[in-house]
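# Reading the structure
The residues making up each chain are set out below.
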Amino acid sequence: MTVPEIRRVGVVGLGAMGGGIAQLAIEAGYQTVGREVSHELGSAARNRIAHFLQRKVDKERMTSAEHKTALEHLSLTTELADLADCDLVIEAIVEDLGAKLELFGALEDIVRPDAILATNTSALSVTEIAAGVSTPERVVGMHFFNPAPLMPLVEIVRAELSSDHAVDAAFGVGERLGKRAIRCHDTPGFVVNRVLIPLLNDCIRVLDEARVSPEELDTAMTAGAGWPMGPCTLVDLVGIDVHVHASEALYEKLREPRMAPPARIVAMKNAGLLGRKSGRGFYPYD
Ligand code: CAA
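Below you will find a few notes about this structure. (Residues numbered from 1 in each chain as written. Predicted model: local features only at pLDDT ≥ 70, side-chain atom pairs only at ≥ 80, totals over all residues. Heavy atoms only, no water.)

The subject of this paragraph is the environment of P257. Tracing the sequence through the fold places P257 in the loop between α10 (240-254) and α11 (263-270). Residue class for P257 comes out exposed when judged on its relative accessible area of 63%. Distance in space between the C-alpha atoms of P257 and V11 is 35 Å, their sequence separation being 246 residues. Residues contacting P257, with those up to four places away along its chain left out, are R205 and Y251. (Helix = DSSP H or I, 4+ residues; strand = E, 2+ residues; numbered from the N terminus. Buried < 20%, exposed > 50% of the residue type's maximum accessible area, 1.4 Å probe, protein only. Contact = heavy atoms within 4.5 Å.)

Following this line, the structure appears as structure tokens:
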């Protein structure tokens with residue numbers, strides 16, 4: 001089957017991930033509708049996108065005209081109904097199955113029958129999310145990595161009932177967004193998180209076992225293993241709460257002790273030390 005052209009993309013949830021995905025979409029020339037729950041959150045996301053695009057202009061990786069055109073491709077809304085004309089909607093809301101089921105149920109009633117619905121979930125089952133709609137064949141995973149505009153990979157996740165057509169269309173969009181896209185099946189953590197989450201949890205356990213500081217651990221993994229950033233810096237970037245949630249979700253499915261979040265990081269989450277976004281995690285931030 002030929003892949004239908006995707007012209008208009010919706011992004012629901014414009015936090016760190018959704019905002020980054022919306023940025024990719026407008027840079028790739030898609031008419032993009034970004035939906036947030038309030039005008040304030042929508043404007044904050046647009047400002048972040050404008051800032052990162054301006055940095056590209058400053059570094060002569062984009063012209064001022066391209067910057068302007070890209071931003072003109074973004075329209076913001078608080079109404080799901082404004083996604084009606086989208087050929088593809090990418091969901092990037094909170095990692096809560098109930099909230100995602102509710103959203104997909106609502107989207108199904110709004111978008112055209114041939115529109116594709118994608119989730120950016122990192123640790124929930126795409127099949128379980130798809131089970132919430134009466135047309136699960138149009139649901140796929142499009143799993144981007146943080147920060148989405150910089151990380152080259154997108155995992156295109158085939159759920160149990162995803163159609164070839166939906167998988168191929170999502171793959172084509174991933175490539176047009178400039179990503180290296182891989183297809184995989186809907187298994188816990190897909191490919192990267194299945195490997196990365198237990199590895200990061202091992203790193204955090206080593207902090208106490210080897211009695212090293214976060215700085216020392218980060219130095220060890222950057223200078224000794226060639227990681228682009230150390231594990232503590234990375235978990236702070238991803239969000240302590242996001243990492244704990246992903247660990248718990250994988251542990252629930254796989255029952256492997258290494259998947260379970262270490263007590264130290266659960267305590268950090270409970271204390272509100274969420275990493276960059278809260279101003280403090282393993283490190284302090286301005
Ligand atoms: N969005 C858009 N642009 C951004 C950005 C963002 N969030 N963050 C930074 N940029 C832009 C900035 O303009 C920045 O330039 P300036 O500082 O001059 O403004 C530019 O990108 C380059 O930033 P850096 O100098 O920080 O880039 P770098 O060369 O150091 O690389 C990196 C940064 C790509 C993040 C690199 O450190 C890296 O690969 N880190 C590992 C990240 C990783 O592993 N991510 C996966 C996390 S796991 C995950 O996401 C899965 C999940 O489901 C939770």
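The next point concerns the environment of D168. Along the chain, the position of D168 falls in helix α6 (residues 164-176). Each C-alpha atom, one on D168 and one on I156, is 8.9 Å from the other, the two residues being 12 residues apart in sequence.

Our next topic: the sheet that holds strand β6 (residues 139-144). Spatial ordering of the open sheet is given by β3-β2-β1-β4-β5-β6-β7-β8, a layout of eight strands whose pairing is mixed. Only two strands of the sheet have a single neighbouring strand rather than two, namely β3 (74-77) and β8 (180-185). Each adjacent strand pair in this sheet contributes to an overall mean axis angle of 25°, direction not counted. (Pairing = 2+ DSSP bridges. Axes fitted to C-alpha atoms, helices over the stretch in contact; angles between N-to-C directions.)

Let's shift gears to helix α3 (residues 64-72). Considered for burial, the residues of α3 that qualify are H67, A70 and L71. The buried residues of α3 occupy an angular sector of 95° when projected down its axis, which confines them to one face. In α3, the exposed positions that point more than 90 degrees away from the buried face belong to A65, K68 and E72. The elements touched by buried residues of α3 are α1 (16-27), α2 (39-58) and β3. (Arc of directions from axis to C-beta.)

A word on the packing of α2 against α3. At a minimum axis separation of 9 Å, α2 and α3 run at an interaxial angle of 160°. When the interaxial angle is binned, α2 and α3 end up roughly antiparallel. For α2 against α3, the interelement crossing comes out right-handed. When α2 is examined against α3, the residues R46, I49, A50, L53, Q54 and V57 are found in contact with a partner set consisting of S64, H67, A70 and L71. (Parallel < 35°, antiparallel > 145°, perpendicular 65-115°, else oblique. Left-handed = near helix turned anticlockwise from the far one by under 90°.)

This part covers the packing of helix α8 (residues 214-225) against helix α9 (residues 231-238). It is the contact of α8 with α9, at a shortest axis distance of 7 Å, that shows an interaxial angle of 105°. Here α9 runs roughly perpendicular to α8, going by the angle between their axes. Contacts from P214, L217, D218 and M221 in α8 reach P231, C232 and T233 in α9.

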